[in-house]
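Structure at a glance
Listed below are the residues making up each chain.
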Amino acid sequence: MKKPSEYAVKLKEAQTTGTRATQLEHAGSFDQAFELYIKAAQSYLFLIRHTHDPVPKQRLRDVSKALLDRAERIKKAKKDAIRPVIRDRLSVEEQDSVVERGTTISGERFGRWKEADRDAQPLTQLHQPPLSPGQLAEGAVWTSSPPIPMIKENYSGVHIVQDNVDDCSLVAALIVGAEHHAKFGSKLVASSLFPQDSKGLPVKTIDSSLPATKDGRLLSCSTVDGDEMWPSLVEKAYMKLMGGYDFRGSNSSIDLYAISGWIPEYIPLRSSQFLSDRIWTRIYDGFMQGHCVVTLGTGSDPSTIIPSSGLVPSHNYAVVGVRVRQDGVRELQLINPWRSRRQAGTGTFAQDLTEALPREPLCVTWDVISMFFSSIYLNWDPEKFSFRDSVHCSIRKPSPIAQGQSTILRVQLNSASAPDSEVCLLLTRHQRTTADTGEFLGLVVGQGGGHRADRKPTRLAVDADTTLTDGPHVFYRFKATNGDLPYDIHISYRGPSAELGFTLCAFGHVPLKIIDGPTPLPYLHNITGKWSEKAAGGNHTCPTFMNNPQYKITLSSLPDRPSALAELEIRCETAKDCPVNLKLIRSRGDRIAEFEDRDLVAGSATYSYGLDACHTTDIRPDTYVLVVSTFRAGDEETFELSFGSSLPMTVTLVPPEGAGMFARSAKGSWEPGFDGGRSDILNNPTFSLTEITKPTSIKCTTASTLFLPHYTDRRVRLCASDGQQQITSTALQQWTIH
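Since the model is a prediction, treat every value here as computed from it, not as a measurement.

1. Examining the sheet that holds strand β19 (residues 499–508)
Strand order in the open sheet formed by four strands is β13-β19-β15-β17, with antiparallel pairing between adjacent strands. Because the sheet does not close on itself, it has two edges, and the strands there are β13 (387–396) and β17 (473–480). Mean inter-strand twist for the sheet, computed between neighbouring axes without regard to direction, equals 20°. As defined by bridge partners, β13 adjoins β19 across ten bridges and the pair is classed as antiparallel. What sits directly across from Arg 396, in β19, is Glu 499.

Encoded structure:
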């Protein structure tokens, strides 16, 4: 809380809410009283988190406990009269709670930043970050920093070097940040250290112990001549946050965001969506105007490194120049963070890094950059955007066995006066540990509507190829063409945590605000299913498509609104690397083998990884069938389905084809002599059904391995025979392949 006046207002609000709850309880309005008791208690918990004096903090705890006790008494005594309290997840109290939970990383709490911290003394009681095996092998000990300046006023990045810590991504970030200061006077990176002097530069009053050899040689990031201390201290602070100097690796945009708050963006160079000329223009303009900094990364696979290049895998390089030569050739000027030659006493770790390019700047032509590097890492100055908003939320899994969960927020834009305006979204996962925990986050943006009553279906997937990422950030750009209508932001999580906190930031050149997503539809249903060996039929061009899990959905009319139409939402979530598709088909509830476009009620032709959804409005109360398919036949995986409807509904699994019946299968082919077609029925492939001793039901289905055109018919005829000649024949089934 920034000001004492804000604290006083929130305290008065909590007291007023508690008093009103008591009045309502005495008046017999138990449902409203219960809701206000909970709301008041949440306000007191918020105040407790922002109270540092132990005496008033305990008084607040006592009041909060008394309010919760009253709410619990009402709940026990008037259970049938109490409705569940709807959680306002964007309230100040809820967001503050999410932020507070995010202050603990790997079991250690890092206090929230306060303005008073600018002039505070260092927290000397904190233990030093653990040293890396490479540092320990060289006999590293914690020692007082050498008598060198904290920072030079005209500091730059070309002299910053990586030593024997595997943090090339961080050092590359320090280099490009310091180079930005040298060109634009931004104090980027160095301004993250406090306390500071009147010029905004760090002063030497902080805990400056650093790892060094017994003879005093620093074993940390430093400058070439060892004449500035600030790079070593920034590295130490970041290693403290990340659990120690045994750094497991990152990329420069992630590291620079943590240090400076500049927006990170990752661009894969070897993607089919890499638009070279368009991306060059963005980078060149942003770099020359001081709006962005750039680093490059090589991939982890050594086979992708050209031997003659001198590059090494899994390494970051700082870009200190972006230019167009007089002959029109576009170039990037790079620096390798590593020292050009090792000092005495080396050879105990990371031998492959000695093969890296020397520190002298190297020019790489833009047109061949993807031959040498796998990734571009950008960081954008948030100040270049005129409007910003952010919220802190969490995603809660519906059950411990669920693979993940999704949620929807919205960004409201006033883009009518500035059509095609750029909007950027940054989704940041709150990390509870620096270890790799298998957590993945994804984001899909679509054009939604306003209130649910007049909401239209999601018409445009801004990025239909969205995949989940295990990185801490997801960055998305899109053009705002929706006028004043909001955009739906679908956020998905996969991982072991029951609840995951995140921060969503929106940046733009038009007024914008992040708001909560649509209220849930009144009728909800959840199902867990599985693509098994016999129920993973693949996409609709596969002959086994009908074997996919299918669900019969029946929508019923309301007695007081018999002509009302329904709104229906369906979401499917599965493993992050599993392409999934939903198709809602008009049917009597029978299993779908094949269908025509006119039968499709909702769903698209594309498959998306880990998540798919379909949404339709104004459909009649009737029976429909949902087909849940993977792209490849035989892909076995579990999935969760979530249904929401504006009308009462039932959802049941459609039994597999031939359920409860004996099954036999045979393969055949149409070939010369067995291709009589419709005119010569008996000269087609023929199979015998034998040992049928009593009246029974028979169901026959056929599937072709070829993708046949619309006009192709297939007929199955069942004929009674004495083994010698045909006696009768009946056409059982005909359908059109499409």
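2. Points about the pairing of strand β18 (residues 487–494)
Burial within β18 is extensive, with eight of its eight residues counted as buried. Bridge count for strand β14 (residues 404–413) against β18 is eight bridges, and the pairing is antiparallel. Along β18, the bridge assignment pairs Leu 409 with Ile 489. Where strand β16 (residues 440–447) lies against β18, eight bridges are found, and the strand directions are antiparallel. When the bridges of β18 are listed, Gly 442 appears paired with Ser 492.

3. Notes on helix α3 (residues 54–77)
For α3, with 24 residues, the first-to-last C-alpha span of 35 Å sits near the 34 Å given by 1.5 Å per residue. Turning to α3, its buried residues number three or more, namely Lys 57, Leu 60, Ser 64, Leu 67, Ala 71 and Ile 74. Residues of α3 that are buried in the fold lie against α1 (4–26) and α2 (30–49). With a side-chain oxygen positioned 3.1 Å from the backbone nitrogen of Val 55, the residue opening α3 is Asp 53.

4. A look at the nonpolar core
The nonpolar side chains of soluble globular proteins are, as a tendency, buried together. Of all hydrophobic cores here, the largest spans 43 residues; its most connected members are Ile 160, Leu 174 and Trp 230. Only α6 (168–184), β5 (210–212), α7 (230–241), α8 (252–260) and β9 (316–324) provide two or more residues apiece to this core. Per-element tally for this core: the top contributor is α6, with eight residues. Setting aside anything within four residues of it in sequence, one finds Leu 174 in contact with Ile 160, Val 189, Cys 221, Trp 230, Pro 231, Val 234 and Ile 259.

5. Side note on the environment of Leu 193
Mapped onto the elements of the fold, Leu 193 is located in the loop between α6 and β5. Separated by 41 residues in sequence, Leu 193 and Val 234 place their C-alpha atoms 7.1 Å apart. With near-sequence residues (within four places) excluded, Leu 193 lies in contact with Pro 202, Trp 230, Leu 233 and Val 234.

6. Regarding the packing of aromatic side chains
All chains considered together, the criterion is met by 13 aromatic pairs. For the pair Phe 545 and Phe 595, a centre-to-centre distance of 6.1 Å together with 45° between the ring planes defines the contact as tilted. Note that Phe 545 is positioned in the loop between β21 (523–531) and β22 (550–555) and Phe 595 in the loop between β24 (579–586) and β25 (600–602), a separation of 50 residues in sequence. Take Phe 545: its relative accessible area is 2%, and that puts it in the buried class. Phe 595 gets classed as buried once you look at its relative accessible area, which sits at 6%. Linked through ring pairs, Phe 274, Trp 280, Tyr 284 and Trp 366 together constitute an aromatic cluster.

About the thresholds
Residues numbered from 1 in each chain as written. Predicted model: local features only at pLDDT ≥ 70, side-chain atom pairs only at ≥ 80, totals over all residues. Heavy atoms only, no water. Pairing = 2+ DSSP bridges. Helix = DSSP H or I, 4+ residues; strand = E, 2+ residues; numbered from the N terminus. Axes fitted to C-alpha atoms, helices over the stretch in contact; angles between N-to-C directions. Buried < 20%, exposed > 50% of the residue type's maximum accessible area, 1.4 Å probe, protein only. Expected span 1.5 Å × (residues − 1). Contact = heavy atoms within 4.5 Å. Polar contact = N/O pair within 3.5 Å; in protein donor to acceptor, adjacent residues only side chain to side chain. Core = buried A, V, L, I, M, F, W, Y, C linked by side-chain atoms within 4.5 Å. Phe/Tyr/Trp six-rings, centres within 6.5 Å; stacked < 30°, edge-to-face > 60°.

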